[in-house]
Amino acid sequence: AQSVTQLDSQVPVFEEAPVELRCNYSSSVSVYLFWYVQYPNQGLQLLLKYLSGSTLVKGINGFEAEFNKSQTSFHLRKPSVHISDTAEYFCAVRERSSGTYKYIFGTGTRLKVLA
Amino acid sequence: DAGVTQSPTHLIKTRGQQVTLRCSPISGHKSVSWYQQVLGQGPQFIFQYYEKEERGRGNFPDRFSARQFPNYSSELNVNALLLGDSALYLCASSLGFQETQYFGPGTRLLVL
């Protein structure tokens, strides 16, 4: 079974500073990777996804992520954060298991943007 | 276009009771998946349905069941509720069972 590790449970950063949220996955085969954002008391919103092709993926709200197969990583970055980016961020990998496709999520990283 | 909708938004039950949660997928989507998100953790896969058939099941007890209707909406049922069932239950829809999943706002269940 695949697993996803988000090393940082919380990341505080000042407004307009850059941020990187780290994600590592376990699979050695081809993977589909996702980043979702969850605002307080809401569901998950898709930020971006890597299915194939270019290893640099651009998403919504100015976020981007880079797929690194050799390091089994899919780190999320934003060059300049805003207060409104304060939220929980989840990295996920799609796993095929017994005829179904399920998402395996990390434990999340809470991004807190400080004024 | 409307996204995934779920009802109710919040629910309070007592131990031993039964609960039914509902999900309407994005128009045109034929697959629905259910996840449980306990406070402070990432979502955990419960079920996936496609074309009204169960495609897969996560590591949850038989107290959890689900079904998908001809209009592709879905219900998740949980019997004999335990305190540990308190969580945010998320529904996700996708065009097919292999496609990208889009999540609804969730139903927050509190078991007392």
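In this report, we go over the structure that sits alongside the text. Each chain has its residues counted from 1, following the order in which its sequence is written. As a convention, the first chain written is A and the first ligand written is 1, with the rest following in written order. Given that this is a predicted model, residues contribute local features only at a pLDDT of at least 70 and side-chain atom pairs are listed and counted only at 80 or more, while totals for whole chains, interfaces and linings are drawn from all residues. Note: side-chain values were computed over all heavy atoms of the structure, leaving out hydrogens and water.

Right, let's talk about the sheet that holds strand E7 (residues 64-68) of chain B for a bit. All names here are of chain B. Two strands pair under a simple rule: DSSP has to find at least two bridges between them. Segments assigned H or I by DSSP are reported as helices when at least four residues long, segments assigned E as strands when at least two residues long, and all are numbered from the N terminus. Within the open sheet, the four strands sit side by side as E1-E3-E8-E7. Their pairing is antiparallel. This sheet does not close on itself; its edge strands, each paired only once, are strand E1 (5-7) and E7. Between one strand axis and the next, the sheet turns by 15° as a mean value, whatever way the strands run. Two elements, strand E3 (residues 19-24) and strand E8 (residues 74-78), share five bridges in a ladder whose sense is antiparallel. Its bridge partner being in E8, Thr20 is matched across the sheet by Asn77. All axes are obtained by fitting lines to C-alpha atoms, using only the stretch in contact for helices, and the reported angles, taken between N-to-C directions, cover 0 to 180 degrees.

Below, the discussion takes up the state of the cysteines. Any two cysteine sulfur atoms lying within 2.5 Å of each other are counted as a disulfide. A complete count under the given rule lists two disulfides over all chains for this structure. Bridging Cys23(A) to Cys91(A), the disulfide has an S-S length of 2.0 Å. Where Cys23(A) bonds to Cys91(A) through sulfur, the torsion about that S-S bond is close to -65°, and the disulfide is left-handed. Note that Cys23(A) is positioned in the loop between strand E3 (19-21) and strand E4 (24-25) and Cys91(A) in strand E10 (residues 87-97), a separation of 68 residues in sequence. Looking at Cys23(A), the relative accessible area reads 0%, which means it is buried. There is a disulfide in this structure between Cys23(B) and Cys91(B), and the S-S distance comes to 1.8 Å. With the S-S dihedral at roughly -60°, the linkage between Cys23(B) and Cys91(B) falls on the left-handed side. Note that Cys23(B) is positioned in strand E3 and Cys91(B) in strand E9 (residues 87-94), a separation of 68 residues in sequence. Exposure categories follow from relative accessible area, calculated using a 1.4 Å probe and restricted to protein chains: below 20% of the type maximum is buried, above 50% is exposed, and the middle band is partly exposed.

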